[in-house]
Amino acid sequence: MPPNRPPNGPPDLPPDLRPDGPVDLPGTSRRAFVAAASAASVAAALGIPASHASTSLSAPDLPATGAAIRRAIPNSGEEVPVIGMGSWITFNVGDSSRLRDARADVLKVFLERGSRVIDSSPMYGSSEDVIGYCLDKIGRRNELFGATKVWTPLDGHGVSQMAESRKLWGVEAFDLMQIHNLVNWEGHLDTLAADKAAGRMRYIGITTSHGSRHGEMERVIADQRIEAVQFTYNMIDRAAERRLLPMAAERGHAVVINRPFRRGELFRRFAKHPLPAWSAEIDCTGWAQFFLKFVVSHPAVTCAIPATSRVDHMVENMGALYGGLPDAALRARMSKYVESL
Amino acid sequence: MLPYTAEALFALFDEYNRAIRPVPAIALFFSAAALTLAVRARMDRSRIILAILAAGWLWTGAVYHLAFFTGLNFAAPVYGAVFILQGLLLVWTGIIRRRISIRVDPGITVWTGVGIAVIYAAILPIFDWQTGAGWTDARFALIAPGATAGTTIGLLMLSDGRPPLHLVAIPILWTFVTGLHAWPLDIPQDYLLPVIGIAAVFQALKSIRRRPT
């Protein structure tokens, strides 16, 4: 069965350019020829200073053709793009106007390329404040699907923390409010339900980044009234396939995936090897898209949220929002290829 | 895993040093003064030296950690409280109780202490300056945590060769915190501080065994 393909065909996409420079892909000479613009051209097209784009690579400024891949949140039917953006570390840049402006450029690419889901947390230092700054600068707040978290062991502190998050993002309500790393979920669920009833959020979720807490997450999914879950899933960390992903799918929850690159480890381990030529069947021209498409092609996954502080990496990530997705057979082939490296 | 990058950290120092001008220059002056008094003064200037160190810990805790670093790291309030505690311990033990005498006597421990203090009061800021975007990227003793801890360990090694244990505990602990941060942040100049911390631990343990019973 051929991989799923949107009706307008795949876009031509740049060769992989991270983390150690260009990787020539077999059979991509046509794409390489077609790819003409540099990363600076991408930046210029979006009004971004060239100094904020990588100068060590060439990335074609080709418009993404075809529709962005979207997935519906089963319980509500609302569709969101399958590639979002995390902000752990990457957007925690304090008050530096230079670094904040650089992050605004990253976010601009993110929104220009058709994505919407941004995830953050009060735990991430100044990330929420920086996101608010970027949204003020870009002025596209109405396109946002804002997802943040409540992170406090104290019941009473949750309300004020969430209010502070709304203020920092500059929003009246969040689309998704999550209990971060299951911290005091018992105490926060009622608070979140009350806030949801008051219109301050639309979906309630829980998160973990630790495989050791999957058992507790399963219990919450089974017993509690939540609508979204966030956990780690990538080409190496696949424990979620056994129970969490099927459970979430069964209950119609939105599934947000963190660490799709295993904090960059997947690049360190595999990007030195050639991307298989057959990855072109699903319009992958780089490892980032290979890793992301594997993740988001799982039928239970709603959205993956890779984090980056670089415009060129954001361009690569957004490439996974277009083109084909692997079917079960191709997923198995992808997995087998990576295991062989 | 730390919630920020080295880029964000040094951008913070850039903002911090600019915001508190001319305090970095004042800190540099007083660091040099403390070292000079320790090495060259004929009379015991221990209380002045310890007052300078105490002021540094109190400033770093209250201003750097609580007012600036808290934007990057949720642990900053704890760090700030610990630094303020260290400042108060220096005031109590060194200034009010006068239980420390800092002077340079011949001996490898003492000269090692002088060397460590020089590294953190002078060489580290210059290294940061040269490898960064300018002087505002530099971490100065008495206003930046690692440099303050290193300078303090160095000068306390001059206290008759037997630094009071309760005064070296927090600086030593901070050297290990810095070391733990240095690796994920990839700041090679910070790898030295935990080595100094380990040396200070050995020195402190040796001085316990030497104390008369």
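Everything below is about the structure shown above.
First, a word on scope: everything that follows refers to the structure included in this document. None of these values were measured; they are calculated from a predicted model.

Here the focus is the overall build of chain B. Regarding its fold elements, chain B presents eight helices and zero strands. Going from N to C terminus, chain B has its helices and strands arranged as α-α-α-α-α-α-α-α. For chain B, whose C-alpha radius of gyration is 16 Å, the value lies close to the compact-globule estimate of 17 Å for 213 residues. Counting only C-alpha atoms, chain B reaches 50 × 35 × 30 Å along its principal axes.

What follows is about the interface of chain A and chain B. One frequently used descriptor of interface size is the decrease in accessible area upon assembly of the parts. Taken together, the contact pairs 16 residues of chain A with 12 residues of chain B. For the chain A and chain B pair, buried surface summed over both sides reaches about 1,100 Å², with 64% attributable to carbon and sulfur atoms. Arg103 of chain A is the salt-bridge partner of Glu7 of chain B, the closest N and O atoms lying 3.4 Å from each other. Where chain A meets chain B, there are four residue pairs in polar contact (both at pLDDT 80 or more). By residue class, the composition of the side of chain A that touches chain B is six nonpolar, six polar and four charged.

Between two aromatic rings, the relevant description is the distance of the centres plus the angle of the planes. What the rule picks out here adds up to 27 aromatic pairs over all chains. Ring geometry for Phe290 of chain A versus Phe291 of chain A: centroids 6.4 Å apart, planes at 85°, classification edge-to-face. You can call Phe290 of chain A buried: its relative accessible area is 0%. A relative accessible area of 0% means that Phe291 of chain A is categorised as buried. When the centroid spacing of 6.3 Å and the interplanar angle of 45° are considered together, the rings of Phe10 of chain B and Phe13 of chain B count as tilted. Placement of the pair is Phe10 of chain B and Phe13 of chain B together in helix H1 (residues 6-19), with a separation of three residues, close to one helical turn. The exposure class assigned to Phe10 of chain B is buried, which follows from its relative accessible area of 15%. Residue classification places Phe13 of chain B among the buried positions, given a relative accessible area of 2%. Ring-pair connections join several aromatic residues into one group, and the members of that group are Tyr4, Phe10, Phe13, Tyr16, Trp57, Tyr64, Phe68, Phe69, Tyr79, Phe83 and Trp174 of chain B. In this structure, Arg100 of chain A packs its charged tip against the face of Tyr133 of chain A, placed 5.3 Å from the ring centre. Above the ring of Phe294 of chain A, the side-chain terminus of Arg331 of chain A is found at 4.2 Å from the ring centroid.

Turning next to the sheet that holds strand E7 (residues 228-232) of chain A. Residue and element names in this part refer to chain A. If you walk across this open sheet you meet the seven strands as E3-E4-E5-E6-E7-E8-E9, and the pairing is parallel. In this open sheet, the two strands that pair with only one neighbour each are strand E3 (117-119) and strand E9 (303-304). In the sheet, strand E8 (residues 254-258) pairs with E9 via two bridges, with the strands oriented parallel. Note that in E9 the partner of Ile257 across the bridge is Ala304. The strands touched by helix H6 (residues 185-197) within the sheet are strand E4 (145-150), strand E5 (174-179) and strand E6 (201-207), with E6 carrying the most contacts at an inclination of about 165°.

Cut-offs and rules
- Residues numbered from 1 in each chain as written.
- Chains lettered and ligands numbered in written order.
- Predicted model: local features only at pLDDT ≥ 70, side-chain atom pairs only at ≥ 80, totals over all residues.
- Heavy atoms only, no water.
- Helix = DSSP H or I, 4+ residues; strand = E, 2+ residues; numbered from the N terminus.
- Rg over C-alpha atoms; globule rule 2.2 N^0.38 Å.
- Contact = heavy atoms within 4.5 Å.
- Buried area = accessible area lost by both parts, 1.4 Å probe.
- Salt bridge = Lys/Arg side-chain N within 4 Å of Asp/Glu carboxyl O.
- Polar contact = N/O pair within 3.5 Å; in protein donor to acceptor, adjacent residues only side chain to side chain.
- Nonpolar A, V, L, I, M, F, W, Y, C, P; charged D, E, K, R; others polar.
- Phe/Tyr/Trp six-rings, centres within 6.5 Å; stacked < 30°, edge-to-face > 60°.
- Buried < 20%, exposed > 50% of the residue type's maximum accessible area, 1.4 Å probe, protein only.
- Lys NZ or Arg CZ within 6 Å of the ring centre and 35° of its normal.
- Pairing = 2+ DSSP bridges.
- Axes fitted to C-alpha atoms, helices over the stretch in contact; angles between N-to-C directions.

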